[in-house]
Amino acid sequence: MDGSEYMVNVLSRFRMVDFPNLLKSWDILSERQLQSVDFTRNTKKDLIVQLAALCKKNGVTLTQVADLEIIYNCRYPQKRRWGTYQMFNSNGVEEATLFDFEVFRKKFKKNLKMLIRNIMVNIIEHGDAVWIRIAWGKRHSPPNQQRASFAVYYPQTPYVFMANLAAQFRMYVSQALVVATEHDMLKELDLRGHCLYSLRDIAFKRFNPALSVHHRKPLQQLNSSQDSAQDERIFVEHLREKEEAKRLTTAAFGEGSLPTLEVVHYRLQTAFRDERNTEILSDRNKPFRCVAKFSSPNVLESLRALPELGIADVPISTMFSSIPEKGKNYFKITDKRTAGHNASAP
């Protein structure tokens, strides 16, 4: 893919309403050039042609177009599926150090290009994070701009979030990151999803249901707005049970908004048990395995709503309510006697 084709490919992802702000953030086209473009009357196709012509006139490079793609991903991080990684020091101590963006950028690029040469690396600061884009090439072919990997690093924290990173390149990125951030190792966590900022809040422990519980309003106050609007002639059956279900659900999840996770995944591995028929499958050495997957635009909000809808009993199992606290949404459940470091006892 040449520079012009790549630029058109990036511009075509924009929504019409996004063009003015994103192009202004890009800071490649002058204010006069942006004013010459009619963002309201042109069709998207005509608008892209006009913008591409202006970019070509300005001599826009492939590196600058890659920066524009990063800006697009900053605006729409939910378009990608992110994995969460945590960096560690061998002594177990996380030391606070001043972050210098230029030093980090140079160290990361230098170390990554020492490991693998035919790549294109772009790094920009956006908000409180550092965004990294890496296009990978082969021995006799240029970097593939359509299959770039992305990483989002939050300075002065041990966390980084990565998307579209093939397993064959993970070792290179890991080594470059730990060197640039002065850590010793990087480990993938069992926390993945499309909502980057929810993953960040869970990893940073910014969401704490206990805080919502301790500072929640009395149950009568929670229901006051609903009760005031309710017709006195309407009788609610099982009101006490519903109030108790709401109280227990609030105690488990809190009453504030919950992080957005699209999937919760449980992998069960256990031996067969039957107290009445001890001889059944007694000679089976291999454990039984199964997978339970819960999916929704927001799994945690859906789980919180189940008791009130009468679909689930209360209290909700801690296997669900403790997901933000445990900082993961992929679980492996095994017998205690065979449970590993990534396992939760049933």
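Model, not experiment: these values are computed from the prediction.

**Focus: the packing of aromatic side chains**
(1) Moving on: Going through the model one piece at a time under the given rule, you end up with 16 aromatic pairs.
(2) Moving on: Relative to Y76, the ring of Y72 has its centre 5.3 Å away and its plane inclined at 45 degrees; by these criteria the two rings are tilted. Of the two residues, Y72 and Y76, both sit in the buried class.
(3) Moving on: Centroid distance W82 to W131: 5.8 Å. Interplanar angle 90 degrees. Geometry classified as edge-to-face. Note that W82 is positioned in strand β1 (residues 82-88) and W131 in strand β3 (residues 129-136), a separation of 49 residues in sequence.
(4) Moving on: Feature note: the residues F14, F19, Y72 and Y76 constitute an aromatic cluster, connected by ring pairs.

**Examining the sheet that holds strand β5 (residues 159-163)**
(1) Moving on: The 6 strands are arranged β2-β3-β4-β5-β1-β6 in an open sheet whose pairing can be described as antiparallel. Edge positions in the sheet fall to β2 (119-126) and β6 (185-193), since each of these pairs with one other strand and no more. When the angles between neighbouring strand axes are averaged without regard to direction, this sheet yields 25 degrees.
(2) Moving on: Across 6 bridges, β1 lies against β6 in antiparallel orientation. In the strand pairing of β6, F88 is matched with M185.
(3) Moving on: Contacts from helix α6 (residues 101-115) reach β2, β3 and β4 (149-153), with the element oriented near 160 degrees to β2.

**Some remarks on the confidence of the model for the protein**
(1) Moving on: Residue-level pLDDT values for the protein average 85, and 84% of them are 70 or greater.
(2) Moving on: Looking across the protein, the model is least confident in helix α10 (residues 219-222), with a mean pLDDT of 42, and most confident in β4, with 98.
(3) Moving on: Under a pLDDT of 50 for its full length, residues 210-229 has, in the predicted model, 19 contacts with residues more than four places off or in other chains.
(4) Moving on: Confidence over residues 338-346 falls short of pLDDT 50; this stretch has 20 contacts with residues more than four positions distant or in other chains.

**What to know about the side chain of E262**
(1) Moving on: Take E262: it is sitting in the loop between α12 (239-253) and β7 (263-270).
(2) Moving on: The side chain of E262 is buried and forms no salt bridge, while R81, the nearest opposite charge, is found at 6.5 Å.
(3) Moving on: A polar atom in the side chain of E262 sits 3.1 Å from the backbone nitrogen of H194.
(4) Moving on: In contact with E262, not counting residues within four places along its chain, are G193, H194, C195, F294, S295, S296, P297 and V299.

**Some points on the pairing of β7**
(1) Moving on: The buried count for β7 comes to 6 of 8 residues, which makes it a mostly enclosed element.
(2) Moving on: Where β7 and strand β8 (residues 288-295) come together, 8 bridges link them in antiparallel fashion. Among the inter-strand pairings, V264 is bridged to a residue of β8, identified as F294.
(3) Moving on: Bridging between β7 and strand β9 (residues 330-334) involves 5 bridges; their strand directions are parallel. Bridged to R267 within β9 is K332.

Rules behind the numbers
Residues numbered from 1 in each chain as written. Predicted model: local features only at pLDDT ≥ 70, side-chain atom pairs only at ≥ 80, totals over all residues. Heavy atoms only, no water. Phe/Tyr/Trp six-rings, centres within 6.5 Å; stacked < 30°, edge-to-face > 60°. Buried < 20%, exposed > 50% of the residue type's maximum accessible area, 1.4 Å probe, protein only. Helix = DSSP H or I, 4+ residues; strand = E, 2+ residues; numbered from the N terminus. Pairing = 2+ DSSP bridges. Axes fitted to C-alpha atoms, helices over the stretch in contact; angles between N-to-C directions. Contact = heavy atoms within 4.5 Å. pLDDT = per-residue confidence, 0-100. Lys, Arg positive; Asp, Glu negative; His and termini not counted. Salt bridge = Lys/Arg side-chain N within 4 Å of Asp/Glu carboxyl O. Polar contact = N/O pair within 3.5 Å; in protein donor to acceptor, adjacent residues only side chain to side chain.

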